[in-house]
Amino acid sequence: MAKQQIELSDVFYALADPTRRAIVGVLGRGPASVSTLAAPFAMALPSFMKHLSVLERSGVIHSNKAGRVRTCELKPRTLASAERWMADQRALWEARTDRMAALAEKLHHEDLSHDKRKQRQP
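Counting restarts for each chain: residues are numbered from 1 in the order of the written sequence. A pLDDT threshold of at least 70 governs which residues receive local features in this predicted model, and a stricter bar of 80 or more applies before side-chain atom pairs are shown or counted, although totals over entire chains, interfaces and linings include all residues. Here the side-chain values reflect all heavy atoms present in the structure, with hydrogen atoms and water set aside.

**Student:** So what exactly am I meant to see when it comes to the pairing of strand β3 (residues 69–74) here?
**Tutor:** Successive side chains on a regular strand alternate, one facing one side of the sheet and the next facing the other. Two strands pair when backbone bridges link them, and strand β1 (residues 32–33) and β3 are joined in this way by two bridges, in the antiparallel orientation. Along β3, the bridge assignment pairs alanine 32 with cysteine 72. As defined by bridge partners, strand β2 (residues 61–66) adjoins β3 across six bridges and the pair is classed as antiparallel. Bridged to isoleucine 61 within β3 is leucine 74. Here, a strand pair is defined by DSSP locating no fewer than two bridges between the strands. Numbered from the N terminus, helices here are DSSP runs of H or I no shorter than four residues, and strands are runs of E no shorter than two. Remark: two residues form the turn of the hairpin made by β2 and β3, two consecutive strands paired antiparallel; glycine 67 in that turn has positive phi of roughly 70°.

In structure tokens:
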């Protein structure tokens, strides 16, 4: 469990940066070379490579080199684990808000009943 939490923290750290999220967005359409990925960003290639390194260390992407071209691709399993965690959290919070709404509704009906009884009393 602790290892899974560390990996999950790494994924969220990797996705916390807008540049890295943009890279993930591009890779969501399929594998791409580093030069293709770097083209839209106004930064030096070494800086861009640091972003790729963070994504690769977290397990969000995988890269391989064929000749002089390094190609990156998403690792869907890693993103799926983060998605499962978020879905679990969403389910917990939705259940809590449902219980809170039910309690508020119950209290509201009790108040209405109490007010009606007060009005009937002389």
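**Student:** It is not clear to me how the packing of aromatic side chains should be interpreted in this structure. Could you clarify?
**Tutor:** By convention here, two paired aromatic rings are described through the distance between centres and the angle between planes. Classification of ring pairs uses Phe, Tyr and Trp, with its six-membered ring standing for Trp, and accepts pairs whose centres are within 6.5 Å; under 30 degrees between planes counts as stacked, over 60 as edge-to-face, and the remaining range as tilted. Counted under the stated rule, the structure contains two aromatic pairs. Here phenylalanine 12 and tryptophan 85 contribute two aromatic rings whose centre-to-centre distance is 5.5 Å and whose plane-to-plane angle is 65°, an arrangement assigned as edge-to-face. Taken together, the positions of phenylalanine 12 in helix α1 (residues 2–15) and tryptophan 85 in helix α5 (residues 76–120) put the pair 73 residues apart, joining distant regions of the chain. A positively charged side chain is recorded as over a ring if its NZ (Lys) or CZ (Arg) lies within 6 Å of the ring centre. The angle to the ring normal must also be within 35 degrees. Between arginine 20 and the ring centre of tyrosine 13, over which it is positioned, the NZ or CZ distance is 5.3 Å. The ring of tryptophan 93 has arginine 96 lying over it, and the distance from NZ or CZ to the ring centre is 4.7 Å.

**Student:** Would you mind showing me how to read the sheet that holds β1 here?
**Tutor:** One key point about sheets: their strands pair by backbone hydrogen bonds, in either a parallel or an antiparallel sense. Spatially, three strands are ordered β1-β3-β2 in an open sheet, and the strand pairing comes out antiparallel. Only two strands of the sheet have a single partner each, and these edge strands are β1 and β2. The contact rule is simple, with two residues in contact once any of their heavy atoms fall within 4.5 Å. The convention used is that axes are lines fitted to C-alpha atoms, helices contributing only their stretch in contact, and that angles between N-to-C directions extend from 0 to 180 degrees. Its contacts with the sheet place helix α2 (residues 18–27) against β1, β2 and β3, and it is angled at close to 90° to β3. Across the sheet, helix α4 (residues 45–57) touches β2 and β3, and the angle it forms with β2 is around 120°.

By themselves, these figures tell us nothing about what the structure is for.
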